[in-house]
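Observations on the model geometry
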There are 2 protein chains.
Amino acid sequence: MLDHSEFKIKFLDAIIKGHSMAVGCHCFVSYSGRAESELPWGDRIIIIKSDRTLLVHQNKGSTPVNYMKEAVLDAYVEGDYAVVTAENISQKEFMRIELTQVYFFESRQLIDEQKIRIVGTERDMAEMIMQNPSLISLDFKPLSMEEHTKFGFIDLFGHDKNGTLIVVECKRYSADLSAVTQLRRYVEKIKDMKGLSSVKGVLAAPKISTNAQSMLEKWGFSFVSVNPPKYLEKFDRFQKKLI
Amino acid sequence: MLDHSEFKIKFLDAIIKGHSMAVGCHCFVSYSGRAESELPWGDRIIIIKSDRTLLVHQNKGSTPVNYMKEAVLDAYVEGDYAVVTAENISQKEFMRIELTQVYFFESRQLIDEQKIRIVGTERDMAEMIMQNPSLISLDFKPLSMEEHTKFGFIDLFGHDKNGTLIVVECKRYSADLSAVTQLRRYVEKIKDMKGLSSVKGVLAAPKISTNAQSMLEKWGFSFVSVNPPKYLEKFDRFQKKLI
DNA sequence: GGGGAGAGATGCCGC
DNA sequence: GCGGCATTTCTCCCC
């Protein structure tokens with residue numbers, strides 16, 4: 001438990017040094033910027049990063065309740081409160097955090113230049129299909145992948161044995177209505193630009209919602225069930241811990 | 001700085017008590033679930049909430065680099081590492097965090113039943129237009145707002161002085177291609193179900209991208225510039241601090 | 001910097 | 001639970 005002036009001093013010192021911070025406190029938060037908000041009094045954890053990102057986390061859920069990027073930060077004592085302010089003038093964003101209790105305060109220079117490596121994205125799905133086109137159909141011949149063609153950002157682009165063009169849109173999850181309209185947009189663009197009357201549209205995803213299926217059929221497109229790829233070896237490594 | 005067995009004991013104690021935690025550490029993170037990932041060694045802040053949400057934050061950006069909801073957590077010492085594991089069996093998710101250094105560890109019961117109040121959402125835009133329909137056009141008569149009609153989730157629904165139906169889709173930001181396809185989907189649905197040949201589509205947003213504007217015109221829809229509402233008094237309260 | 005689209009998206013509400 | 005959709009979405013990539 002820190003008193004307000006001790007908090008202020010430590011906070012400003014951490015700002016100057018470019019340290020990251022974790023603060024446990026009882027606070028009230030108001031925000032004005034892209035929207036406006038008020039968060040009544042409660043206990044939260046405030047994170048401040050060395051790039052001046054500020055996050056206010058409640059004790060539930062994975063998204064911060066309030067946040068600001070590239071914030072210009074300040075702290076001071078005002079009556080019975082410690083106050084933290086965050087401003088991003090160019091974005092016209094302002095935040096004010098009033099604190100009555102500072103349960104804990106930690107600050108430290110965190111050194112981390114590493115980037116996460118992820119496998120199993122939509123792009124990985126498209127690559128997998130490039131390697132094994134029969135996942136779409138026996139006669140599917142892919143031509144290009146995720147190229148910014150003049151037709152737009154098309155996940156997979158190819159043709160069948162008759163030379164009919166095929167547009168494939170990949171989704172990692174259940175394909176929904178917007179996936180169908182996205183596919184439709186690409187197919188129409190190609191028809192338009194090439195002056196073709198027939199272009200096939202294929203939605204590749206693990207599953208598809210009922211309404212999306214109806215709309216798909218209405219527009220003469222087809223659905224193919226494909227799961228995003230995973231490195232099974234790694235999954236197994238975790239899995240065996242469960243046995 | 002905590003040694004590994006001290007960390008383990010405090011961590012497990014906090015889990016049992018349902019406390020929230022903030023941990024500063026040097027760690028390596030691997031994940032398998034909806035995708036698979038590896039994050040090489042670096043300094044991070046780990047947050048664990050009372051609802052068993054786990055967040056791993058690097059020192060930049062507002063999104064956690066790794067995370068899991070409803071995690072079953074454990075901690076132990078393994079050779080030179082402290083290890084934190086998180087599992088969500090039903091989701092087939094697994095995470096393993098190896099720590100060589102624990103810079104700080106804070107845990108505490110955080111009491112907070114408050115909900116944030118936000119003004120300026122898309123729904124607020126629709127309400128504002130309901131109050132002042134002339135923002136769309138002088139003869140726009142709104143009938144319903146954000147109702148789950150048999151036509152779908154339509155932001156605003158009404159007609160002009162000739163009785164021609166009007167569908168309004170609101171966007172808080174620059175309207176893009178998907179906003180136009182969304183509008184198009186609603187208009188077509190209504191035409192279909194009512195057997196009408198003419199239904200007006202209006203996109204209400206602060207601005208619109210060039211391509212979206214083209215597509216809008218191609219489909220005979222129109223754009224109206226509308227800004228999401230704000231409580232100006234409050235904005236002014238912040239603003240005067242800047243002077 | 002804007003436009004377009006994915007994300008291990010998250011979160012909300014309705015059925 | 002799924003479905004449909006907004007989000008102070010965030011982030012990345014390309015033009």
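Being a predicted model, the structure only gives us computed values, none of them experimental.

Digging into the overall build of chain A
The helix and strand tally for chain A stands at five helices and 13 strands. For chain A, the C-alpha radius of gyration of 26 Å lies well beyond 18 Å, the compact-globule estimate for 243 residues. Per-residue burial for chain A yields a buried fraction of 51% across its 243 residues. For chain A, the proportion of contacts with a sequence separation of at least 24, taken over those separated by at least 6, is 51%.

Structural notes on the pattern of salt bridges
Any two side chains of opposite charge can pair, on the condition that their charged atoms come close. Using the criterion set out here, one finds 29 salt bridges over all chains in the structure. Residue glutamate 127 of chain A is joined to arginine 123 of chain A by a salt bridge in which the shortest nitrogen-to-oxygen separation is 3.4 Å. A residue pair is termed a helical-turn pair when its members lie 3 or 4 positions apart in one helix, as glutamate 127 of chain A and arginine 123 of chain A do in helix 2 (residues 122-131) at four residues. Exposure remark for arginine 123 of chain A: the relative accessible area of 38% places this residue in the partly exposed category. Ionic pairing is found between aspartate 192 of chain A and lysine 218 of chain B, a salt bridge with its closest N-O pair at 3.7 Å. Here aspartate 192 of chain A is found in helix 3 (residues 177-194), whereas its partner lysine 218 of chain B is found in helix 4 (residues 210-218) on a different chain.

Some details on the interface of chain A and chain B
It is common to give the size of an interface as the accessible area lost on bringing the parts into contact. Taken together, the contact between chain A and chain B spans 80 residues of the former and 79 residues of the latter. For the pair chain A and chain B, the two sides together bury roughly 7,100 Å², of which 55% comes from carbon and sulfur. The interface formed by chain A and chain B holds eight salt bridges in total. Of the charged contacts in the structure, one is a salt bridge between glutamate 188 of chain A and arginine 184 of chain B, with a shortest N-O distance of 2.9 Å. Our count for the contact surface shared by chain A and chain B stands at 31 residue pairs in polar contact (both at pLDDT 80 or more). For the side of chain A that touches chain B, the element with the most residues is strand 2 (residues 36-48) of chain A, which contributes 11 residues. Tallied by class, residues from the side of chain A that touches chain B come to 30 nonpolar, 22 polar and 28 charged. For strand 2 of chain A and strand 8 (residues 117-119) of chain B, the ladder comprises three bridges, and the chain directions are antiparallel. For glutamate 36 of chain A, the partnering residue across the bridge sits in strand 8 of chain B and is valine 119 of chain B.

Quick notes on the protein's contact with DNA strand D
The full set close to DNA strand D counts 28 residues, and Asn66, Ser209 and Asn211 of chain A together with Arg172 and Tyr173 of chain B are the nearest of them. In DNA strand D, atoms within 4 Å of the protein come 85% from sugar and phosphate. Contact between DNA strand D and serine 209 of chain A: a phosphate oxygen at 2.7 Å from a side-chain N or O atom of the residue. A distance of 3.3 Å separates a phosphate oxygen of DNA strand D from a polar side-chain atom of lysine 171 of chain B. Mapped onto the surface near DNA strand D, the elements with two or more residues apiece are strand 4 (66-68) of chain A together with helix 3 (177-194) of chain B.

Details of the protein's contact with DNA strand C
Close contacts around DNA strand C come from 27 residues, with Arg172 and Tyr173 of chain A together with Tyr67, Glu93 and Asn211 of chain B the closest. In the model, a phosphate oxygen of DNA strand C is placed 2.8 Å from a nitrogen or oxygen of the glutamate 169 of chain A side chain. Interatomic distance of 2.7 Å between a side-chain N/O atom of asparagine 66 of chain B and a base oxygen of DNA strand C. Of all elements in the fold, only helix 3 of chain A together with strand 4 (66-68) of chain B reach the threshold of two or more residues within the surface near DNA strand C.

Focus: the packing of aromatic side chains
All names here are of chain A. Applying the stated rule across the entire model yields eight aromatic pairs over all chains. For the pair phenylalanine 28 and tryptophan 41, a centre-to-centre distance of 5.7 Å together with 45° between the ring planes defines the contact as tilted. In this pair, phenylalanine 28 sits in strand 1 (residues 20-32) while tryptophan 41 sits in strand 2, placing the two residues 13 residues apart along the sequence. The exposure class of tryptophan 41 is partly exposed, given its relative accessible area of 29%.

Overview of the sheet that holds strand 9 (residues 141-149) of chain A
All names here are of chain A. Here we have five strands laid out as an open sheet, ordered 9-10-11-12-13, and mixed in their pairing. Strands with a single pairing partner mark the edges of an open sheet, and in this sheet they are strand 9 and strand 13 (222-225). Ignoring strand direction, the axes of neighbouring strands in this sheet form an average angle of 30°. As judged from the seven bridges shared by strand 9 and strand 10 (residues 152-159), these two strands associate in the antiparallel manner.

As for the relation of the copies chain A and chain B
Of the transformation superimposing chain A on chain B, the axial component is 0.0 Å and the angular component is 180°, with the fit at an RMSD of 0.1 Å. The two molecules are tied by a two-fold rotation axis, judged by turn and shift.

Let's talk about the domain arrangement of chain A
Domain assignment breaks chain A into domain 1 (4-108) and domain 2 (122-225). A separation of 46 Å is found between the C-alpha centroids of domain 1 of chain A and domain 2 of chain A.

Comments concerning helix 3 of chain A
Along its 18 residues, helix 3 of chain A runs 26 Å from first to last C-alpha, staying within 8% of the 26 Å computed at 1.5 Å per residue. Packing partners of the buried residues in helix 3 of chain A comprise strand 10, strand 11 (165-170), strand 12 (200-205) and helix 4 (210-218) of chain A together with helix 3 and helix 4 of chain B. Note on helix 3 of chain A: the residue one or two positions beyond its end, glycine 195 of chain A, has a positive phi of about 65°.

Concerning the side chain of asparagine 59 of chain A
Of note, asparagine 59 of chain A is situated in the loop between strand 3 (54-57) and strand 4. The class for asparagine 59 of chain A is buried, based on a relative accessible area of 6%. Within the local environment of asparagine 59 of chain A, its side chain forms a polar contact with the backbone oxygen of leucine 110 of chain B, the two atoms lying 2.5 Å apart. The residues contacting asparagine 59 of chain A, other than those within four sequence positions of it, are Ser20, Lys49, Ser50, Asp51, Leu110, Ile111 and Asp112 of chain B.

Notes on the side chain of glutamate 36 of chain B
Tracing the sequence through the fold places glutamate 36 of chain B in strand 2 (residues 36-48). Reaching out from glutamate 36 of chain B, the side chain makes a polar contact with the side chain of serine 32 of chain B at a distance of 3.1 Å.

What counts, and at which threshold
Residues numbered from 1 in each chain as written. Chains lettered and ligands numbered in written order. Predicted model: local features only at pLDDT ≥ 70, side-chain atom pairs only at ≥ 80, totals over all residues. Heavy atoms only, no water. Helix = DSSP H or I, 4+ residues; strand = E, 2+ residues; numbered from the N terminus. Rg over C-alpha atoms; globule rule 2.2 N^0.38 Å. Buried < 20%, exposed > 50% of the residue type's maximum accessible area, 1.4 Å probe, protein only. Contact = heavy atoms within 4.5 Å. Salt bridge = Lys/Arg side-chain N within 4 Å of Asp/Glu carboxyl O. Buried area = accessible area lost by both parts, 1.4 Å probe. Polar contact = N/O pair within 3.5 Å; in protein donor to acceptor, adjacent residues only side chain to side chain. Nonpolar A, V, L, I, M, F, W, Y, C, P; charged D, E, K, R; others polar. Pairing = 2+ DSSP bridges. Near = heavy atom within 4 Å. Phe/Tyr/Trp six-rings, centres within 6.5 Å; stacked < 30°, edge-to-face > 60°. Axes fitted to C-alpha atoms, helices over the stretch in contact; angles between N-to-C directions. Least-squares fit on C-alpha atoms with pLDDT ≥ 70 in both. Domains from an automatic or database assignment. Expected span 1.5 Å × (residues − 1).

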